[in-house]
Amino acid sequence: MGFARTCSVALVGVEGVLVEVQADLEPGVAAFTLVGLPDKSLTESRDRVRAAVVNSGGEWPQKKLTVGLSPASVPKAGSGFDLAVACAVLGAAERIDPRVLAEIVMIGELGLDGRVRPVRGILPAVLAAADAGYEQVVVPESAAAEASLVPGVSVLGVRSLRQLVAVLTDEPVPEEAPDEQGRPDPLLAGLRVPGTGAATGMRGGGAQPDHDLADVVGQTSARTAVEVAAAGGHHLFLEGPPGAGKTMLAERLPTVLPPLTRQESLEVTAVHSVAGLLPPGKPLVEVAPYCAPHHSATMQSLVGGGPGVARPGAVSLAHRGVLFLDEAPEFHGQTLDALRQPLESGHVVIARSAGVVRYPARFLMVLAANPCPCGRFSQRDSLCDCPPSAIRRYQARLSGPLLDRVDLRVEADAVTRAQLTGRGARGESSAAVAARVRAARERASARLAGTPWGANSEVPGRELRSRFHAAGGAMDEAERSLERGVLTARGIDRVLRVAWTVADLAGHDRPDAGDVRLALQLRTGVPRGVPMALGVPT
C-alpha cells in the first residue's frame, strides 16, 4: 500500500481554504476514485491527470487508487487541483518522495500533454497558503509573477509536469520547446472570462491616459463636486441635460484619485484575479479601477451571482475605484436598490445553494441622469415638452433611500456657445486637482491614524458626533435643516463628512460655518450663496 499527501487551495469568493490532497494505492482492480465534495470540473480531473502523467513519461499505477480532498465538507470547484492530484498519485506510487510533497502547496491545471495551465485566483490562493504557514508554493510559470506578490513565500513556476517531477526528484530539469514568436501564449487561453473587459465597461487600469479634467468646458460646480468626491471618497450624483459633460466628468474622476496603497492593490488584484480580468504581464493593479456597466445590466451582474458559487459583480470589480452608472433612471429599480447594502457596509454577501461568499465592495459611485425623459427640463427655461406627471415618474425611478446614501448632488449646466468656442483659460488639469486631493487625503489619514478608517466617507456617524466635531456653531444651519425635514439623520452625518473633506481641501483644522454651508449645498443641490470654486490652500 502507498500513501502520499500534498496541499492545494479551494477558493470561496476571494478567500482561500487549504485543502489536503491525499492519494492512497491499494491492491485490487485498477480504478480511480475522487472523493471530498468535488464539482463536475474537478471530477473530470481524473482523465486529465491520467493522460498528463502518461504523456509526461510517467507510469500510471495499475491499482485501486483513491484520492481524497480534505476537509470533505468544503465544496471544491475548478481545475486548480490537477497539479496537486498528479503529484500525490506519483508520491503514492513512490515516483516522488512523499516527504517532499507534504509541505508544498500546488495550484494549476494540467493539459493532456502535461503542460501546466494557469487558473484564476492565484493571488488569493497564495495568500491563503501564506496565512496557513506554508512557505513553498508551486504555480504555473505564467502566473509566477502574480504569486510572487505575496511576501514570505518561495514561488516555483513550472511549465510542465515533467519539469516539476524533475525538480522534486533532483533530476535534470528538461527544457520545454518555446512557443512560436508573435503568437499569444496558448497557456493563457481561457484564463480570462469570456465577455469581460471593454464590453462590460470595465477598465482595470483606471482612467485612460488621454483623459484630463482640463478637457471639460465650464461646469465649475460639477468640477468642485468631483474634487470633493475624490478627496473624501463620497458618492456623487450628476444631473443635467444631454451633452453637458456628465460622462466626461465621471471618466476623468479616476485621474484625480490617489494611487492605491499596497494593501489596496492586493485587495483589488485578488478580486480581478478571481474574475479573470488581470491582463497578462501585469499581475498587480496599482491604480483605481473604473467600471461602467450598461443600464440593461442584471442584478447578478451588478452585485454578483451566477450559477454555482457566486462570481464577483460590478460593485466588487470597482472595489477601491469608481462605479459609474450612466443613465441611472434607466436601470431596473430593484437592481439599483440592491446597491444600498454594499454602499453602507463596503462589502456584499451573496447566498446561494452552493454556498455563501463575501466580496469586497468599497467603491465610489457616480450616478448620472437627465432631469426628464427629453432631457431639457430646467428651472431657467421652458424648452421641455414633458408633462409634469412624466417628469415625476422619471425622477422617482431613483428611490429616496438610494439617493440618501449619495453625499454629493450637483446639477451640470448646459454648455453655452461662448464656453464651447471661447479661447480663454482652460479649467484646471487633472494633475493640479490630484495634488490637492492627495494633500487632503494625507490630512485625513493623519487625523484618522490609529482607527480602522482611511477616508472621511468611511467614518461612522457616531464617531463623527463624538470625536470629530466641527467648529462651534458651524452645524447650526444643518441642524435647522434636520428640524425642517430637509435632511435625515443619515443626511446630517453625511453633511459633516463632506464638511471635513472640504476643510481638508481648504487646509482648515476643523470645518467652519463656510465649509458646512458648502457641504449642505453639495449635499442637497439647493444653492445657498456659497462660491463653488475651491481655492488652493496657502
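On a predicted model such as this, the values are computed, not experimentally measured, just so you know. (Residues numbered from 1 in each chain as written. Predicted model: local features only at pLDDT ≥ 70, side-chain atom pairs only at ≥ 80, totals over all residues. Heavy atoms only, no water.)

Let's talk about the packing of aromatic side chains
Applying the stated criterion to the full structure yields two aromatic pairs. Their ring planes at 40° and their centres at 5.6 Å tell us that Phe-32 and Trp-60 sit as a pair that is tilted. Highlighted residues: Phe-32 in strand 3 (residues 31-35) and Trp-60 in the loop between helix 2 (45-55) and strand 4 (64-70), separated in sequence by 28 residues. Judged by its relative accessible area of 9%, Phe-32 falls in the buried class. Owing to a relative accessible area of 11%, Trp-60 belongs among the buried residues under this scheme. Where Phe-468 meets Trp-500, the ring centres are 6.4 Å apart and the plane angle is 85°; that geometry is what we call edge-to-face. In this pair, Phe-468 is assigned in the loop between helix 19 (461-466) and helix 20 (476-483) and Trp-500 in helix 21 (residues 489-506), connecting sequence segments 32 residues apart. Exposure class is identical for Phe-468 and Trp-500. Each is buried. (Phe/Tyr/Trp six-rings, centres within 6.5 Å; stacked < 30°, edge-to-face > 60°. Helix = DSSP H or I, 4+ residues; strand = E, 2+ residues; numbered from the N terminus. Buried < 20%, exposed > 50% of the residue type's maximum accessible area, 1.4 Å probe, protein only.)

A look at empty space enclosed by the protein
Where empty space is left becomes clear once a probe the size of a water molecule has been rolled over the atoms. Under the definition given, this model contains one cavity of 30 Å³ or more. By volume, the largest cavity amounts to about 30 Å³. (1 Å grid on protein atoms, 1.4 Å probe; cavity = no way out; pocket = protein on both sides within 12 Å on 5 of 7 lines; lining within 4 Å. Points joined across faces, edges and corners; volume = space filled by probe spheres on them.)

Points about the nonpolar core
In terms of nonpolar packing, the biggest core is built from 58 residues, with Leu-236, Leu-253, Val-256, Val-366, Val-516 and Leu-522 touching the most fellow members. A total of eight residues in this core trace back to one element, the largest contributor, which is helix 21. Sequence-distant contacts of Val-256, that is, excluding residues within four places in its chain, are made with Leu-213, Val-226, Ala-230, Ser-430, Val-433, Ala-434 and Val-437. Within the second largest apolar cluster, 38 residues are counted, among which are Ala-10, Ala-84, Leu-110 and Val-138. (Core = buried A, V, L, I, M, F, W, Y, C linked by side-chain atoms within 4.5 Å. Contact = heavy atoms within 4.5 Å.)

Let's talk about helix 21
Along its 18 residues, helix 21 runs 26 Å from first to last C-alpha, staying within 8% of the 26 Å computed at 1.5 Å per residue. Gly-507, located one to two residues past helix 21, shows a positive phi value of around 80°. (Expected span 1.5 Å × (residues − 1).)

Considerations on the pattern of salt bridges
Under the defined criterion, the tally for this structure stands at 27 salt bridges. Arg-95 serves as the salt-bridge partner of Glu-171, at 3.5 Å between the closest nitrogen and oxygen. Taken as a pair, Glu-171 in the loop between helix 7 (161-168) and strand 10 (202-203) and Arg-95 in the loop between helix 3 (82-92) and helix 4 (98-101) lie far apart in primary sequence, 76 residues in all. We classify Glu-171 as partly exposed; its relative accessible area is 37%. Judged by relative accessible area, Arg-95 falls into the partly exposed class, the value being 37%. Across the pair Arg-252 and Asp-215 runs a salt bridge whose closest N-O atoms are separated by 3.4 Å. One end of the pair, Arg-252, is in helix 9 (residues 246-252); the other, Asp-215, is in the loop between strand 10 and helix 8 (220-232), and 37 residues separate them in sequence. Residue classification places Arg-252 among the buried positions, given a relative accessible area of 7%. Asp-215 gets classed as partly exposed once you look at its relative accessible area, which sits at 31%. Linked by salt bridges that have partners in common, Glu-344, Asp-404, Arg-405, Asp-407, Arg-490, Arg-494 and Arg-523 make up one network. (Salt bridge = Lys/Arg side-chain N within 4 Å of Asp/Glu carboxyl O.)

Quick notes on the pairing of strand 3
The alternating pattern of strand 3 places Phe-32 and Leu-34 on a buried face and Ala-31, Thr-33 and Val-35 on a face that is not buried. The pairing of strand 3 with strand 4 spans five bridges and is classified as parallel. What sits directly across from Phe-32, in strand 4, is Leu-65. (Pairing = 2+ DSSP bridges.)

Notes on the side chain of Arg-497
Of note, Arg-497 is situated in helix 21. No salt bridge is formed by the buried Arg-497; the nearest opposite charge belongs to Asp-407, separated by 5.2 Å. There is a polar contact of 2.9 Å between the side chain of Arg-497 and the backbone oxygen of Val-459. Setting aside residues up to four positions removed in sequence, Arg-497 forms contacts with His-234, Asn-456, Ser-457, Val-459, Pro-460, Gly-461 and Leu-464. (Lys, Arg positive; Asp, Glu negative; His and termini not counted. Polar contact = N/O pair within 3.5 Å; in protein donor to acceptor, adjacent residues only side chain to side chain.)

Quick notes on helix 3
Buried residues dominate helix 3, accounting for 11 of its 11 residues. Buried within helix 3 we find Asp-82, Leu-83, Ala-84, Val-85, Ala-86, Cys-87, Ala-88, Val-89, Leu-90, Gly-91 and Ala-92. Count one or two residues on from helix 3 and you reach Glu-94, which has phi positive near 65°.

Focus: the packing of helix 20 against helix 21
Packing of helix 20 against helix 21 brings their axes to within 10 Å, and their N-to-C directions diverge by 165°. The angle between helix 20 and helix 21 places the two elements in the roughly antiparallel class. Here helix 20 runs over helix 21; the crossing is right-handed. The residues of helix 21 that touch helix 20, namely those facing Ala-478, Glu-479 and Leu-482, are Ala-489, Ile-492 and Val-495. Taken together, the residues of the contact of helix 20 with helix 21 break down into five nonpolar, no polar and one charged. (Axes fitted to C-alpha atoms, helices over the stretch in contact; angles between N-to-C directions. Parallel < 35°, antiparallel > 145°, perpendicular 65-115°, else oblique. Left-handed = near helix turned anticlockwise from the far one by under 90°. Nonpolar A, V, L, I, M, F, W, Y, C, P; charged D, E, K, R; others polar.)

As for a nonpolar patch on the surface
Together, Leu-156, Val-167 and Val-173 give the surface a local cluster of nonpolar side chains, amounting to about 200 Å² of exposed area. In this fold, Val-173 is placed in the loop between helix 7 and strand 10. Taking the relative accessible area as the measure of exposure, Val-173 reaches 45% and is therefore partly exposed. (Patch = residues over 30% accessible without salt bridge, like charges linked within 9 Å, V, L, I, M, F, W, Y side chains within 5 Å. Areas by Shrake-Rupley, 256 points an atom, 1.4 Å probe, with all protein chains shown as cover.)

What to know about the pairing of strand 13 (residues 322-325)
Burial of strand 13 is two-sided: the residues Val-322 and Phe-324 facing one way and the residues Leu-323 and Leu-325 facing the other way are all buried. Relative to strand 13, strand 12 (residues 290-291) runs parallel, the two being bridged by two bridges. Within strand 13, the position partnered with Cys-291 by the bridge is Leu-323. Bridging between strand 13 and strand 16 (residues 364-369) involves four bridges; their strand directions are parallel. Paired with Val-322 across the two strands is Leu-364, which belongs to strand 16.

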